[in-house]
Amino acid sequence: MNSKGILTVISGFSGSGKGTVVKQLCERYNYALSVSATTRDPRKGEIDGVHYFFKTVEEFENMIANDEFLEHAGYVNNMYGTPKRYVLDKLNAGENVILEIEMQGGLQIKEKYPDAVLIFMAPPSAYTLKKRLVDRNTEEQDVINKRLARAAEEIDYIDKYDYLVINDELETCINDIQRIVTSEKNKVNNQPAMVDFIKKDFKNII
Ligand code: 5GP
C-alpha cells in the first residue's frame, strides 16, 4: 500500500560530512537522491548529471525563469537549485527523497512543503569543521574562509530546523537520521491509504 514519500532535507556546514552520510543513506536504504543544478565548476572527479548538473549562469537563469526549481539559492559565488520534476515524481510514487542543500533552500522547501523534514547536521566542534575543510583540500584558502564565514551566519537558522544531529561518529549519525525518517513515515497523516484501509476493514469486525 503506497504511503506518501518523505521529503528529507539535510543541511549542514560545508565540511560537516553531509556528503558521506547522504551517500551511505542512499546505498543502504532506498532513498531517491535529487541531483542539483549548479553554476559552480566541477571538482576533480565530479561527473555532470551524477554529482550535479553543471550549468552556465545563463542556463541556470533560464531554469529559474521556466519555474524548473523547487528551490534555489546563492552560496559563496555560485547558484544552486533543486530541479522540481524528479523530486515530485518520486514523492508521488511513494519514494523517500533526500535533498542535500544549504539552509536558505531548506527553508524555502519547508514553506512550500510543510511536511518536509529538515535535519541539520553539525560537526562536533568548530575546530573539527575547520580541520575537515582544510584536510579535504578541494578549495582554495579564500573559498574555505568564505565557507567558514557562511557557516557562522547559518548558525542563526538552526532553530528553524526540525532536527539536529551531530556527525561525530558516522554510524551513529546515519542511524539517527534513518530513525527520524522512519518515525516520520509512521505518522498517521503520512499514511492516508493505510488509514482508509484499516477504517474500512475494521468496520465489519463484528
Ligand atoms: P558544494 O559546492 O560544496 O558542492 O555545495 C555547497 C553548498 O550548496 C552545500 O551546502 C550544499 O549542500 C549546497 N547545495 C547543493 N545543492 C543545492 C541545491 O540544489 N540547493 C541549495 N539551496 N543548496 C544546495
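Keep in mind that what you see is a predicted model, and the values were worked out from it rather than measured.

## Let's talk about the sheet that holds strand E1 (residues 7–12)
Consider a sheet: its strands pair through backbone hydrogen bonds, and that pairing is either parallel or antiparallel.
Link 1 in the chain: Pairing within the open sheet is parallel, and its 5 strands lie in the order E2-E7-E1-E8-E9. Two strands close off the open sheet at either side, each with one partner strand: strand E2 (31–33) and strand E9 (163–166). With strand direction ignored, the average angle separating the axes of adjacent strands in the sheet is 30°.
Link 2 in the chain: Examined bridge by bridge, E1 and strand E8 (residues 117–122) share 5 bridges and lie parallel to one another. Residue pairing across strands places Gly12 opposite Met121, the latter belonging to E8.
Link 3 in the chain: Along the sheet, helix H3 (residues 84–92) contacts E1, E2 and strand E7 (96–100); its crossing angle with E7, the most-contacted strand, is approximately 150°.

## Things to note about the site of the ligand
Link 1 in the chain: Around the ligand, a shell composed of 16 residues is seen, among which Ser36, Arg40, Tyr52, Tyr80 and Glu102 lie nearest.
Link 2 in the chain: At 2.7 Å from a nitrogen atom of the ligand is found a side-chain nitrogen or oxygen belonging to Glu71.
Link 3 in the chain: The separation between an oxygen atom of the ligand and a polar side-chain atom of Arg147 is 2.8 Å.
Link 4 in the chain: For the ligand, the protein covers 95% of the area, taking 520 Å² as the surface of the free molecule.
Link 5 in the chain: For the shell around the ligand, the secondary structure elements donating two or more residues are strand E5 (69–75) and strand E6 (78–83).
Link 6 in the chain: For the shell around the ligand, the residue count by class is 5 nonpolar, 4 polar and 7 charged.

Here is what the cut-offs are and how they apply
Residues numbered from 1 in each chain as written. Predicted model: local features only at pLDDT ≥ 70, side-chain atom pairs only at ≥ 80, totals over all residues. Heavy atoms only, no water. Pairing = 2+ DSSP bridges. Helix = DSSP H or I, 4+ residues; strand = E, 2+ residues; numbered from the N terminus. Axes fitted to C-alpha atoms, helices over the stretch in contact; angles between N-to-C directions. Contact = heavy atoms within 4.5 Å. Near = heavy atom within 4 Å. Polar contact = N/O pair within 3.5 Å; in protein donor to acceptor, adjacent residues only side chain to side chain. Areas by Shrake-Rupley, 256 points an atom, 1.4 Å probe, with all protein chains shown as cover. Nonpolar A, V, L, I, M, F, W, Y, C, P; charged D, E, K, R; others polar.

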